[in-house]
Amino acid sequence: MNTGQQTTRRLAAGAGRSVCRSCKDTLSRKYASAAAAAVQTDDSSQHIPPVSQTQDSFRINTGVVLSRPPQITRDLHPLESAFFLYQRRLNERTALPFTRYFYYKKRTTADLEWKRKIKERLTPARDIGRYKGYGDEAWNDELLVGAKESDIHHQVEKLIEDAEDTGSPDGDVAPASNASGTKKEADKIERPMPRITEADLKNDVKSLSRQLQRTLYLLVKDKEGRWIFPQDTFGKETLHNAAGRILVDSCGVNMNTWVVGNAPIGHYQRDYLDALKTASGFNEVGAKTFFMKARIMAGQANLKDNKLGLTDFKWLVKDEIKNEVDRHYWHSVKNMLAER
Amino acid sequence: MALRELPFRTASTLLRDARPAICAAPPASCRYASTEAVKQVEDNSSFSIPPPSEQLAKTFDPIARSRLRRRGGKQLPPSRYQFRPPKYYRGPLHPHQPPPVSDPASRLFVPGPFSLPRLEQTYQSTIASDLLTLTYQHYPPGYRAPKVTQRLREWQGDHPYFKNRPLRPPRGKGDVLRLLTPPRTFRNIPKITKVTLHSMVPLAQSNSAYLHIAGMALQAISNVRITPHKARHSVVQWEVREGRFVSATSTMEREDAQHFLSKLIDVVLPRIKEWKGVPGSTGDGSGNMSFGMTPDQVALFPEIEVNYDAYPPKMIPGCYITIHTDATNDKDARLLLQAIGLPFYGKLKG
């Protein structure tokens, strides 16, 4: 350890209670490989604010922001999907032609099917509508008013239709008659699951299968009837361990969770109207809550026999949290919640 | 549907009030000298004009209109009014300049993007913020970072040749200048910059079909044209002779790289029997990770599987996959790759 870091450590040690232990350790640790070559820092370069010996203290809490990340991709804005379709049609115009005989051998059923389908849709791509990228009329790549080609549901329907339409044995039956009830069950292609679930329709805020496109956060109702993130005081343990313990104490063991990292992602300070006197002779003037980030992998919250006196819970997205929590709390927590 | 709105940044740009908040609500009696004049010039906005009637929109047929216009051969030939970019660039002073590459009329235009990849969305919504939390480094208030000394050497002496010369590298052979890791902020979270596929086929020296088929396979799974490479030296043990084409690479970026990685992680790797993971010893010390796949494993890619018979037997190549990230060390890069679903095994390097 060189002189510069010793100076830092001495400064940190002399600063008294204003620097916590982990910060003091951090100061004496090497920051990066570059720090090994650190020049000698003069004593004035580290400005540690002086400590004022006061009898005021805060109650320290650990909060847990338990979240379920988005499960599916988001809906595209109509402008985005129109742009993507436009680019795909441009690609049809500029790309080299499809290498047909690399994929379909001549005089096979697959080749016949290919010929029939290309006559219908004019292009190898199956999700850009009826459009031909070559020839005199390739410039006509814009959609008309009310066209549905850029809609993702329409594209999915077209892809499924194309996959199901394998043609009949004699090969000259129109595809419209194929789509009738005579189709075998084996030919049915599985439809994608709906993006809006039953919980969405019922607005079941206790369900984890609601709002699949967005991050859901666990909010609980405490003894005083306020909606907050689960929190508790912590003693001789680290924030990370405390977060794990609080999850078990509040929502039971029926959850598979992961506490992300050792550092808090935000904090909330609540000042009491009149100070409390603690056993150790300090004036407790408020409470500070440090929020740890956690992810839920599986399971569900269960408040039965919880040790924190919680009465209710909800899984909410960011916009809904704003309406539930009080204003001061919202201003402290809003920046650590993901937009999506 | 809040999600159907424009991306946050775009929306905020549009909605932001450029004026300071104090002036946001002007008094109603406020008058400007130009108010009357503007009213006289444009008495109605173009937005107030209703769109064409529904009947007109339904019957509109651009092809028929164009045919009608061209009927009788009265129209000028396209070469007289269509812009064609010059084939060769003749310098900045030439009157005929090519359009920018982003213009669809340009010869160099490459269309895209065609989609918003799922991996990209997951990265933005979940992985990036988790990585920031995991790699957070706390600095106490009042901390100032130690100054970094110059790692390169000055040119000493008063020779005029030394003036403004670039600095000299460190002395000695073994001392490599490692990348510096800046403090982690929300601006420098590691992300994937590109993915490179590399396949070496020494047999191609005697039979060039091997290289053609390796190129076809790489192009099929990567969606990018390959670049063939010559051997730079003769190596007897590998039966490589200098100057012969022996390998092919393809480099994917942006959308192609994202789609390739999600295909690899979700479809191909789970189907490999007894795959242990990416060896923990990989990494070049500056955030690039690479691992190999055997010919059997390459054949599991859906693009190859769909017409497996089109490739001659035993000619599908193995390949190396290199994932380039903008992390500055192996530890951060490994964290990113683990977050997107690549497991590592064995002793971890770095």
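Remember, it's a predicted structure, so these values are computed and weren't measured experimentally.

A. Broad picture of the overall build of chain B. For chain B, the count of helices and strands is 10 helices and seven strands. For chain B, with 350 residues in total, the buried portion stands at 30%. At a minimum sequence separation of 6, the contacts of chain B that also span at least 24 residues come to 66%. With the model as given, the accessible surface of chain B reaches about 24400 Å², and the carbon-plus-sulfur share is 57%.

B. Broad picture of the interface of chain B and chain A. Each partner contributes residues to the interface: chain B has 51 residues there, and chain A has 54 residues. Between chain B and chain A, the buried area comes to about 4700 Å², and carbon and sulfur atoms account for 64% of it. The salt bridge partner of Arg67 of chain B is Glu137 of chain A, with a shortest N-O separation of 3.3 Å. Across the chain B-chain A interface, the total number found is eight residue pairs in polar contact (both at pLDDT 80 or more). Listed by contribution, the elements that provide at least two residues to the side of chain B that touches chain A are helix H4 (62-70) and helix H5 (118-134) of chain B. A per-class count over the side of chain B that touches chain A returns 28 nonpolar, 14 polar and nine charged.

C. Representation of the sheet that holds strand E2 (residues 227-230) of chain B in the model. Residue and element names in this part refer to chain B. Pairing is antiparallel in the open sheet, where five strands are placed in the order E2-E3-E1-E6-E5. Bordering the open sheet on either side are E2 and strand E5 (288-293), each of which pairs with just one other strand. Between one strand and the next, the sheet's axes are offset by a mean angle of 25 degrees, whatever the strand orientation. Where strand E1 (residues 192-200) meets strand E6 (residues 319-325), six bridges bridge the pair, whose relative direction is antiparallel. Within E6, the position partnered with Thr196 by the bridge is Thr322. Against the sheet, helix H10 (residues 330-339) contacts E1, E5 and E6, and its axis sits at roughly 55 degrees relative to E5.

D. Quick peek at the side chain of Thr197 of chain A. Residue and element names in this part refer to chain A. The residue Thr197 is located in the loop between helix H7 (175-178) and helix H8 (198-202) in this model. Residue class for Thr197 comes out buried when judged on its relative accessible area of 16%. A distance of 2.6 Å separates a polar side-chain atom of Thr197 from the backbone oxygen of Ser209. In this structure, Thr197 is in contact with Ser209, Arg210 and Leu212, ignoring residues within four places of it in sequence.

E. Fine view of the pairing of E6 of chain B. All names here are of chain B. The buried fraction of E6 is high, at six of seven residues. In terms of strand pairing, E5 meets E6 through six bridges, oriented antiparallel. Paired with Ser290 across the strands is Thr322, a residue of E6.

F. Geometry of the packing of aromatic side chains. Considering all chains together, one arrives at 13 aromatic pairs over all chains under this definition. Seen from their ring centres, Phe229 of chain A and Tyr329 of chain A are 6.3 Å apart, and the 35 degrees between their planes marks the pair as tilted. With Phe229 of chain A in the loop between strand E3 (227-228) and strand E4 (231-233) and Tyr329 of chain A in helix H11 (residues 327-333), this residue pair connects regions lying 100 residues apart in the sequence. Tyr329 of chain A matches Phe229 of chain A in its accessibility class, with the two residues each being buried. Here the aromatic cluster, defined as three or more aromatic residues joined through ring pairs, consists of Phe98, Phe102, Tyr103, Tyr104 and Trp114 of chain A together with Tyr311 of chain B. The positively charged end of Lys206 of chain A is found above the aromatic ring belonging to Phe313 of chain A, 4.8 Å away from the centroid. A cation sits over an aromatic face here: Arg334 of chain B above Phe344 of chain B, 5.9 Å from the ring centre.

G. Highlighting the side chain of His324 of chain B. Residue and element names in this part refer to chain B. Examined against the element boundaries, His324 turns out to sit in strand E6. On the basis of relative accessible area, His324 is assigned to the buried category, the value being 18%. Apart from the residues lying within four places of it in its own chain, the contact partners of His324 are Lys191, Ile192, Thr193, Lys194, Val195, Thr196, Gly287 and Asn288.

Criteria and thresholds
Residues numbered from 1 in each chain as written. Chains lettered and ligands numbered in written order. Predicted model: local features only at pLDDT ≥ 70, side-chain atom pairs only at ≥ 80, totals over all residues. Heavy atoms only, no water. Helix = DSSP H or I, 4+ residues; strand = E, 2+ residues; numbered from the N terminus. Buried < 20%, exposed > 50% of the residue type's maximum accessible area, 1.4 Å probe, protein only. Contact = heavy atoms within 4.5 Å. Areas by Shrake-Rupley, 256 points an atom, 1.4 Å probe, with all protein chains shown as cover. Buried area = accessible area lost by both parts, 1.4 Å probe. Salt bridge = Lys/Arg side-chain N within 4 Å of Asp/Glu carboxyl O. Polar contact = N/O pair within 3.5 Å; in protein donor to acceptor, adjacent residues only side chain to side chain. Nonpolar A, V, L, I, M, F, W, Y, C, P; charged D, E, K, R; others polar. Pairing = 2+ DSSP bridges. Axes fitted to C-alpha atoms, helices over the stretch in contact; angles between N-to-C directions. Phe/Tyr/Trp six-rings, centres within 6.5 Å; stacked < 30°, edge-to-face > 60°. Lys NZ or Arg CZ within 6 Å of the ring centre and 35° of its normal.

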